[in-house]
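# A look at the structure
Take a look at the letters that make up each chain.
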Amino acid sequence: MFDDGEFHVVVNDEEQYSIWPAGRDLPAGWRPVGSPAPKAECLARIDVNWTDMRPRSLREGT
Amino acid sequence: MPRIEPRPTNPFPLLHDPAERRFPLSAGQERLWWLRQLDSSHDQYHITGGWRFPAGLDLPALTAALAGLTRRHDILRTGFVLRPDGTTAQEVAGEVEVPVVRAGREWRAAVERAASEPFDLSRPPLLRVVVAELEDGHGLFTALHHIVTDRWSMDVLARDLFELYDAASAGRAPSLPALPVQYGDYARWQRRLLTDDLLRPGLAHWERTLAGYERLEPPTDRPRTGRDDATGASLVVELPEEDTAAMTAVAWRARASPGVVVTAALVAALSAFSGQDDVVIGAIISDRPRPELQDLIGFFVNTVVLRVDVSGRGTTFRELVTRTRDAWLAADAHQDVPFERIVGAVRAGSEERRNPIFDVVVNHAGDRTALAEAPGAPEWWYPELPVTARFDLSLTTQTAGGRLRATFVYRPALFDGTTIAALAERYVRLLARGAAEPDRPLRELDLAGRPAAAPVAADPAPRATVVELVEAQAVRRPRETAVTGTAGELAGEKLSYGELNRLANRLARHLVARGVGRGRVVAVCLEQTTDRFAVLLAIAKCGAAYFPIDPGFPPGRLRFMLSDAGAALTIVSPSLAHRVPADAAPLLVLGDPDLAGYDTGNPPPAARPGDLAYLISTSGSTGAPKSVAVPHSALSRLVAGAPRYLDIGPGTTFLQAGPLTFDVSVLEWTPLAHGGRVVVTGTGALLEDLEAVVRDHGVTTLKLVSPQLDLLAERDLRKLSGLRQLVVGGDVVSPRSFLAARELLPGCRVTASYGPTECTVLATVFDGGFRDGRVPIGHPIPYTRLYLLDRDLRPVQDGMRGEIYLAGDGLARGYHGRPGLTAQAFLPDPYGPPGSRMYRTGDVGRRLPGGAVDFLGRADRQVKIRGYRIETSEVEHALLRHGATSAVVVRAELDTGPALVAYVVTDGSGDVAALRDRLRATLPAYMIPDHLVRIPRVPLTRNNKVDRASLPPVAPPRPGAAAPPGEGSGTAAPPGNGLEANVAEAWSRVLGRPLAAGEDFFDHGGHSLLVPRATAAVRRLLGREVPLRLMTRHRTPAAYAAALLTESLPGLDAGLLLERRTWHSRTLGGDRRVDLFVPDGEAEVTRTLVVLDGSDFVDVMRLPAIVARLAGDRRVPEAAAIFLSPADWSSRRRELLDDAYPDLLADELLPVLRDRLGDRWRPGRAVAVGASLGAVAAVRAALRRPDGFEGAIALSGPLSEHRLGPAASAPARLFLYASREEADIMLDDGLDLVEAVKRTGEELAARGHVVRCEYGDGGHTYAAWESVLPEAVSWALREDRARDVR
């Protein structure tokens, strides 16, 4: 199930956050942040780190 | 390797008893016998075999050989019978003749008939033979019932038959191995092992193994119906020699048989096919545990359950082979537990049309018996025959010529050939790749070699914002109407594009002056008036996002929403201002600020594509509300693609009937961006005014959600004529309403749509044709991608169940201020452009041939009850097909356990019971809701979604309730009857545990092999035939008793009318059921029978039939009958013996009949009828209330135990009866029941009453009473009495 096991916190160029199962090829355009953790922990980390949900291009006005 | 206990050996000696002719059935035979009882019209359990005789057949030698064969194998002279006690037996006949059909050249029909014609299992031989003339020589075809043979036995049969034939034609003695035992000996030997004590550890094993198992539910191409269809089709695939060798090597290394490896591959394929990790299938194994059994013909096949856990992201093929091997070993070790006992132990129910526990079986016939290949054996002949499918899907594998041959047999009623071909292909791929690379994770094996997901053509949506688009329309068509409807504070009933834009510009400038700008949120709480678009457009022009709030919400919740969204301002219609708290965000009341001073020109563009256009709060079924934040780019994507599927250009008028808080309102931007018109007006919560609005405003394009369409379909859709397009949203669209719209609105395009708020209102649309009574959700709209993915986020094959993911330009930014929640729902999209995201909808669907997507349900609305995974939407679909206007199905936790509850809305005439009957015809029983509750209307949330929390709770079932409670639109179910209680008691005895009237036999340890015994108990009770099948359809004592009664209805003479009512007694309190039988017509009624205890002592329908017949024969005058049931069966005894009971009968019950009959009622007294304790009450009524009763019929009453009446009373006519067998019933006063009747009769006669005592046979049973009733009734009711006085 996509709901169990460990996950990576991942982020794209627009600095949007998501999660991805650890050990699986990460889709292009995303990079992991930190080490894998259970899902709830990843989501908690995202809650802390993703403070501005605007895409980066919008924030920077490009 | 885990230690697996070996199979225990049978400690009893296996001996031949030449004297014995009657044996029990083996466990397997019993199961086959049972399956046959369920459906005698056809039988898929035939085993056939044919052989070629190129040199021709010597018919006399064949006859001799067949005679020799039946002499040699007792089983071929065996018939199967049901004994009166409900047990089965096989009886060996002395001699039988095998029917031989000489079919000549036209043999095909004869062969087909021989193969398909049902056998009478009680009449041996269960073997028939056809001799055919082939192109070269003869063909010999045999068909046997499986209960006497199996595949292996067919090789034995061939060998024996040909040796006997050879010997006969050569005139020599046959040379065959001696048979030390016969099948009956085996069956008895096997049964000795099957005692409860010996089975206990095995049963415990199966209970452990199957604890919490999930039924495998591969997605079928057609819904499962209640119909039985054994028609099969087959598909053969082969594994190349090289792969077969590799597969065998993997087996060897895993210390497993090749059968294990082929099973592991099937498990993997099924897991991928169904999306389930917990795979439970059946396996067929040949079981001849002793060498003495090798040369016997007989049924030596066992079916075991294999449960294999496929979970684990990295599970390799080798690991799966190991798990499968362990499952096999454990199953093998515990195979002595009969399958039915396992079914009973795990309460898997007995699904009449579905195999318990599993629907898929594997059968590896890898090790063929050596007999088949013996030198000199005749060549096999396989005439083509229709395929029968005993299971939904079965896989038989066999190695021949170094290649594995896999035959899939399936039911075309459920699966398309292409689906099975895809499964078979997947199976072979998994097997080949697994054998080649056993240490690769299964998921990779499954994916490898499949065409990669088609690369996405990422054609970006145009990015012009709605602000730019509407401003452009204002330039292009300044005077054309943009908005019509109810006048608001700022605008009249019509607003042109120019006016709309100017108004919005002024307001925007005012907003900017109040600090509204990019990145800000402005809450809106607006009436459905024309100016609302000026407000929304103004907010957008500032670069801010609008956030509709619902004035109906409590202030606390609104306050939370406003501060959660960080609203800078709330714009509110004056009439709603008092509803909105002003402390969370300042209020701007429309009409308050004077906008006249502001410039009407366009303000400088502010909103960028990435800026938020709006927030929509979704209540969510659980937890706090969350707001979906949608950027302009997503709104632009909706608006840009809309003309391709929505009729919204210039000259069109669009209406959607939802509030602004509902995301469908966002669609109103599409006509405005393209020069069409929008109607904004309140249409009432139930759309009372919709038809008028459509007519008055010339609406061309109407968007509804599915419950709204149902509402309109209930009225008259023709009132919507003039529409050019009707779009119906919602995942389950009623096909009835959808088709009605198509039919009643000629020239109107009817479109279904689907889409979560997270994908900006719409994701797919559908306007094609559909089949199987389901409206698909269709194809993705422009700039939108839809994926159907498995749990590993990999695309499923077409036709397979997958979770719906959406991607493309329509995705929301996320949940406002909820980063974690957003990250969880918006995932990296492996199939889109780099860095893009996809939204996990939580919906489940599959792709139909042709590409449209079919919505299968919510991933979280799949419920599990008694091991079955039930898609509630599947049941909803079925209810809609069968006439419900709307339906919501939920799983409810009741006191009696989890239950499936359907809430239905039906039009006036809709009868819930009839709906249930129709459901039965199309849905398997486990999907039939336990409760059908009629509700006037499906409650909706403010956003027009089904409000599941507001559905009424189901009333807990009353013990002993006859009908499933909750049915019959709210009136209390009539009190139950004694037949129910008796059935419950009989079944409880068979189960060995108490069963309540409302409890399902099969959910409480019952299984099909107990059915004959349970039915036999009922037969003894009623003294008549009852089909075994009745129990599989009516599984609770209550339902069964009800079925027994209605079943005997046809026998009721049409001359009597039945009226059933619930009646409340003043004297004793409580509601009672009263069944009134009144002669049809206008004739006077001079005689009445009052039957106490309702149906407790006789089939309630039988006595009226007897009375009607006697009246028809003119043996008695026209009579009415009243059946009275006690208020509560548990206190029946107290009630019948209550001193007030005779008064209740005379003063309360008889008037019920008098009222009913009116003028037809002739002053006349009644005869009370009762059995057992009811007999006491009946005699008391006659003695104590001679004003109401002229006599009594008292059957098997313990009369001497009770004080019957006053010493002196008016003479009564009393018919007293006892059965001679009742002499063994001892009463408290020391008399037996027969003596009690005799003694009481003498005493009453001495007191001057007219008494007739009769004695019969049959014991204390319904049957005995029924047989005496005609005489009793005609004596009691006859007009000319003088002759009878004794």
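These numbers come from a predicted model, not from an experiment. (Residues numbered from 1 in each chain as written. Chains lettered and ligands numbered in written order. Predicted model: local features only at pLDDT ≥ 70, side-chain atom pairs only at ≥ 80, totals over all residues. Heavy atoms only, no water.)

For chain A, the count of helices and strands is two helices and three strands. Counted from the first residue to the last, chain A has its helices and strands arranged as β-β-β-α-α. For chain A, the residues scored as buried account for 42% of the 62 residues in total. When the accessible surface of chain A is summed, it comes to about 3,100 Å², and 49% of that surface belongs to carbon and sulfur atoms. (Helix = DSSP H or I, 4+ residues; strand = E, 2+ residues; numbered from the N terminus. Buried < 20%, exposed > 50% of the residue type's maximum accessible area, 1.4 Å probe, protein only. Areas by Shrake-Rupley, 256 points an atom, 1.4 Å probe, with all protein chains shown as cover.)

Further remarks concern the overall build of chain B. Along the backbone of chain B there are 34 helices and 47 strands. Within the span of chain B, comprising 1286 residues, buried residues form 60% of the whole. When the accessible surface of chain B is totalled, it reaches about 48,200 Å², and 51% of it is carbon and sulfur.

Each side of the interface is counted separately: chain A has 31 residues, and chain B has 30 residues. The junction of chain A with chain B conceals about 2,400 Å² of combined surface from both sides, 59% of it contributed by carbon and sulfur atoms. Where chain A touches chain B, the interface holds zero salt bridges. Summed over the shared surface of chain A and chain B, the number is six residue pairs in polar contact (both at pLDDT 80 or more). The set of elements that each furnish at least two residues to the side of chain A that touches chain B consists of β1 (6-12), β2 (17-21) and α1 (39-49) of chain A. For the side of chain A that touches chain B, the leading source of residues is β2 of chain A, giving five residues. Here the side of chain A that touches chain B is built from residues that sort into 18 nonpolar, six polar and seven charged. (Contact = heavy atoms within 4.5 Å. Buried area = accessible area lost by both parts, 1.4 Å probe. Salt bridge = Lys/Arg side-chain N within 4 Å of Asp/Glu carboxyl O. Polar contact = N/O pair within 3.5 Å; in protein donor to acceptor, adjacent residues only side chain to side chain. Nonpolar A, V, L, I, M, F, W, Y, C, P; charged D, E, K, R; others polar.)

For chain B, mean pLDDT is 84; residues scoring 70 or higher make up 88% of the total. Below a pLDDT of 50 lies the segment residues 1049-1054 of chain B, which in the model reaches eight contacts outside its immediate sequence neighbourhood of four places, other chains included. (pLDDT = per-residue confidence, 0-100.)

The next subject is the packing of aromatic side chains. Within this structure, the stated rule accounts for 25 aromatic pairs over all chains. On the numbers, 5.7 Å between centres and 40° between planes, the contact of Y17 of chain A with W50 of chain A is tilted. Residue Y17 of chain A is found in strand β2, and its partner W50 of chain A is found in the loop between α1 and α2 (56-59); the two are separated by 33 residues along the sequence. Taking relative accessible area as the criterion, Y17 of chain A reaches 15% and is therefore assigned buried. One aromatic cluster is present, formed by W51, F53, F162, Y165, W380 and Y382 of chain B through successive ring pairs. Note that R644 of chain B overlies the ring of Y783 of chain B, its terminal NZ or CZ placed 5.9 Å from the centroid. (Phe/Tyr/Trp six-rings, centres within 6.5 Å; stacked < 30°, edge-to-face > 60°. Lys NZ or Arg CZ within 6 Å of the ring centre and 35° of its normal.)

Residue and element names in this part refer to chain B. Ranked by internal contacts, the top residues of the largest apolar core, which has 249 residues, are I357, F408, Y427, W669 and L879. Looking at this core, the element that brings in the most residues is helix α8 (residues 258-274), giving 11 residues. Residues A1146, V1152, A1194 and V1234 belong to the second largest nonpolar core, which totals 46 residues. (Core = buried A, V, L, I, M, F, W, Y, C linked by side-chain atoms within 4.5 Å.)

As a further point, take the environment of A997 of chain B. With respect to the secondary-structure elements, A997 of chain B resides in the loop between α25 (978-991) and α26 (1011-1022). Sequence separation between A997 of chain B and P1037 of chain B is 40 residues, and the spatial gap between their C-alpha atoms is 4.8 Å.

Residue and element names in this part refer to chain B. Packing of helix α7 (residues 241-253) against helix α11 (residues 417-436) brings their axes to within 8 Å, and their N-to-C directions diverge by 60°. Classified by the interaxial angle, the pair formed by α7 and α11 is oblique. For the crossing formed where α7 meets α11, the hand is left-handed. Across the interface between the two elements, D243, A246, M247 and V250 from α7 touch L431, A432, G434 and A435 from α11. Grouping the amino acids of the contact of α7 with α11 by side-chain chemistry returns six nonpolar, one polar and one charged. (Axes fitted to C-alpha atoms, helices over the stretch in contact; angles between N-to-C directions. Parallel < 35°, antiparallel > 145°, perpendicular 65-115°, else oblique. Left-handed = near helix turned anticlockwise from the far one by under 90°.)

Residue and element names in this part refer to chain B. Within strand β25 (residues 725-729), five of the five residues are buried, leaving the element largely enclosed by the surrounding structure. Across five bridges, strand β24 (residues 701-705) lies against β25 in parallel orientation. Note that in β25 the partner of T701 across the bridge is Q725. Traced from β24 through helix α20 (residues 706-714) to β25, the parallel crossover comes out right-handed. One ladder, built from five bridges, connects β25 with strand β26 (residues 749-754); its direction is parallel. Along β26, the bridge assignment pairs L726 with V750. Once the chain exits β25 it traverses helix α21 (residues 735-744) before rejoining the sheet at β26, and the crossover so formed is right-handed. (Pairing = 2+ DSSP bridges. Right-handed = clockwise from strand over helix to strand, strands pointing away.)

Residue and element names in this part refer to chain B. Within the secondary structure, Q276 is located in the loop between α8 and β9 (278-286). Looking at Q276, its side chain comes within polar contact range of the main-chain oxygen of R215, at 2.8 Å. From its side chain, Q276 meets the backbone nitrogen of E217 in a polar contact 2.7 Å long.

Residues and elements named next belong to chain B. Structurally, the position occupied by A132 is in strand β6 (residues 127-133). C-alpha of A132 to C-alpha of G104: the two residues are 28 residues apart in sequence and 5.1 Å apart in space. Those residues in contact with A132 that lie beyond four places of it in its chain are G104, W107, G137, H138, G139 and W381.

This part covers the sheet that holds strand β7 (residues 138-145) of chain B. All names here are of chain B. With mixed pairing, the four strands of this open sheet are ordered in space as β2-β7-β6-β5. With partners counted over all chains shown, the strands left at the sheet margins are β2 (46-53) and β5 (100-104), one partner each. Averaged over neighbouring strand pairs, the angle between their axes works out to 20° when direction is ignored. Both β6 and β7 contribute to a ladder of seven bridges, which runs antiparallel. The partner of R128 across the bridge, within β7, is A143. Most of the contacts of helix α2 (residues 59-72) go to β6, to which it runs at about 165°, and overall it touches β5, β6 and β7.

This part takes up the pattern of salt bridges. Inspection of every chain in the model, using the stated rule, returns 56 salt bridges over all chains. Salt-bridge contacts for E471 of chain B lead to K541 of chain B; the nearest nitrogen and oxygen are separated by 2.8 Å. Of this pair, E471 of chain B sits in helix α13 (residues 466-476) while K541 of chain B sits in helix α15 (residues 532-541), and the two are 70 residues apart along the sequence. Of the two residues examined, E471 of chain B and K541 of chain B, each falls in the buried class. Salt bridges here are not isolated pairs; linked through shared partners, they connect E15, D52, R54 and R59 of chain A.

Omega for the bond connecting P124 of chain B with P125 of chain B falls within 30 degrees of zero, at 0°, which places this linkage in the cis form. With respect to the secondary-structure elements, P125 of chain B resides in the loop between α3 (108-116) and β6. The backbone phi angle of E15 of chain A is positive, close to 60°, even though this residue is not glycine. If you trace the backbone, E15 of chain A turns up in the loop between β1 and β2. What makes E15 of chain A partly exposed here is its relative accessible area of 30%. If you check the backbone angles, R255 of chain B has positive phi at about 50° while not being a glycine.

Let's shift gears to the pairing of strand β12 (residues 393-400) of chain B. It is a general feature of regular strands that their side chains alternate between the two faces of the sheet. Residues and elements named next belong to chain B. As judged from the five bridges shared by strand β11 (residues 360-364) and β12, these two strands associate in the parallel manner. Residue pairing in the sheet places H364 in a bridge with T397 of β12. In the sheet, β12 pairs with strand β13 (residues 403-410) via eight bridges, with the strands oriented antiparallel. Considered in β13, the bridge of T396 is made with T407. The turn linking β12 back onto β13 is made up of two residues, and G401 within it adopts a positive phi angle of 60°.

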